[in-house]
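# Working through the structure, step by step
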Amino acid sequence: MTTGSPIGVAIAGLGFGLKVHLPACRASAEVEPVALWHPRAERLEEACRGASLPGTDDFSALLAMPGVEAVIIATPPAARFDLARRALEAGRHVLLEKPVGLNAGEAESLQRLALERGLSVAVDFEYRAVPLFQQLAALLEQGVLGDPWLIKLDWLMSSRADPARPWNWYSDAGQGGGVIGALATHAVDMLHWLIGPTESISGRLATAIGERPDPSQGGVPRAVSSEDVALAQLTLRPREGLTVPAQVSLSAVARQGRGCWLECYGSEATLVLGSDNQADYVHGFGLWMAAPGQPLRSVAADPALAFPTTWSDGRIAPVLRLLDWWADSIRSGRPMSPGLSEGVLSQRVCDLWRSSAESGMSLTIGGGD
């Protein structure tokens, strides 16, 4: 519920920030966009004209602008930790895109700082706000699956399957590029939310397209250091005394890939959530359920979970829902979920995914192998 005037929010980063966060902020009664930031002045000026908002390429100046109570950080991953740290030190609440940093150490540092300052930090794990995902969570909470026996998550996209797609930060592992940051952070959070935390992981990474044309060098091929395929076998622990095997396959170079499909097999039922929509990461999902010996049947989301408004870009509605949760956390002082607790756990698993791929060993969360 709205209490008082909307929370003034600045948006740092003008890709996803302009496409998704700005329209979501404008549709919310809880937050209001008040300023933009980008390090390149010419890009910033163009965005400010189009959005009719003030802006600056000086992040310290942004934090000092009147009315900036919170900051959405939707930059590429390498810049997020420093910007979030500075925002928190200035007493501003923060919403972070994922991954929240380049490693779990950065995420943990932000978590400590937010707790010390009493500030709310949201992480844009937007699938937690999608109605059919929420319906699946409700069914699992009701126990319709029984004891989970096997979880399988395939997320096979073709967004980077064209070798002519130019080299950018996504091609550089050192800048947080690759499917671990883009997809695995979401995938791991889904599994933690829906099933339970990760106990161990065995991972493999691959780079199918090893070079891409670098536009800054006239199109000369440049080596790609980030992964475009990531596979993992995980052990999840829904409760004490019960472990569940999970298989995860991720790709950004799967031509005619099947999209995103989560399959849950248990003692009492099978639940399948999936979409083959390559053009929109949110629109197009369906949910199906079957009792033993029965065919899969479609399950609709509870009408109470429906979005009041949808957009052609399916990401806007769940981000709007998450913005309103964040505003409630800011006003009430209650912990934000999904927030840095979830972001830290996801990042720890993703870090071990890389370590396991490098060592060839199965690794246990929080300890040995």
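These figures come from a predicted structure and were not determined experimentally.

Along strand β2 (residues 31-37), six of the seven residues are buried, which leaves the element largely enclosed by surrounding structure. Since strand β1 (residues 7-12) and β2 lie parallel, the crossover through helix α1 (residues 16-27) that links them has a hand, and here it is right-handed. Where β2 meets strand β3 (residues 55-56), two bridges bridge the pair, whose relative direction is parallel. Across the sheet, Leu36 pairs through a bridge with Gly55, a residue of β3.

Before going further, it helps to spend a moment on the sheet that holds β2. Within the open sheet, the six strands sit side by side as β3-β2-β1-β4-β5-β6. Their pairing is parallel. Edge positions in the sheet fall to β3 and β6 (121-123), since each of these pairs with one other strand and no more. In this structure, strand β5 (residues 93-96) lies alongside β6, joined through three bridges in parallel fashion. Bridge pairing in β6 places Leu95 opposite Ala122.

Here the structure, examined in full by the defined rule, presents 16 salt bridges. For Asp82, the salt bridge goes to Arg86, with nearest N and O atoms at 3.7 Å. Of this pair, Asp82 and Arg86 both sit in helix α4 (residues 77-89), four residues apart, which is roughly one turn of that helix. A relative accessible area of 32% means that Asp82 is categorised as partly exposed. A salt bridge links Glu199 to Arg237, with the nearest nitrogen and oxygen atoms 2.4 Å apart. With Glu199 in strand β8 (residues 198-206) and Arg237 in strand β11 (residues 229-239), the pair connects residues that are 38 residues apart, well separated along the chain. Take Glu199: its relative accessible area is 26%, and that puts it in the partly exposed class.

What follows covers the sheet that holds strand β17 (residues 363-364). Taken together, the nine strands give an open sheet; going across it, the order is β16-β15-β14-β13-β7-β12-β11-β8-β17, and neighbouring strands pair in mixed fashion. Edge positions in the open sheet fall to β16 (297-298) and β17, since each of these has one partner strand only. Running at roughly 155° to strand β12 (residues 242-251), helix α7 (residues 179-194) makes contact with β7 (148-156), β8, β11, β12 and β13 (259-266) of the sheet. Each of β8, β11, β12 and β17 touches helix α9 (residues 340-359); the most contacted strand, β8, lies at about 55° to it.

What counts, and at which threshold
For every chain, the first residue of its written sequence is number 1, and the numbers climb from 1 along that sequence. Local features in this predicted model are restricted to residues of pLDDT 70 or higher, and side-chain atom pairs are both shown and tallied only at a pLDDT of 80 or more, whereas totals for entire chains, interfaces and linings draw on every residue. To obtain the side-chain values, all non-hydrogen atoms of the structure were included, while hydrogens and water were left out. Only protein chains enter the accessibility calculation, which uses a 1.4 Å probe; a residue whose area is less than 20% of its type maximum is buried, one above 50% is exposed, and one in between is partly exposed. Numbering of helices and strands runs from the N terminus; a helix is a DSSP stretch of H or I covering at least four residues, while a strand is a stretch of E covering at least two. Clockwise travel from the first strand over the helix to the second, with the strands pointing away from the viewer, marks a crossover as right-handed. DSSP-based pairing: two strands are paired if at least 2 bridges between them are found. Salt-bridge detection follows one rule: a side-chain nitrogen of Lys or Arg within 4 Å of a carboxyl oxygen of Asp or Glu. Any pair of residues with heavy atoms lying within 4.5 Å of one another is described as a contacting pair. Note on method: axes are straight lines fitted to C-alpha atoms, helices fitted across the in-contact stretch only, with angles between N-to-C directions ranging 0 to 180 degrees.

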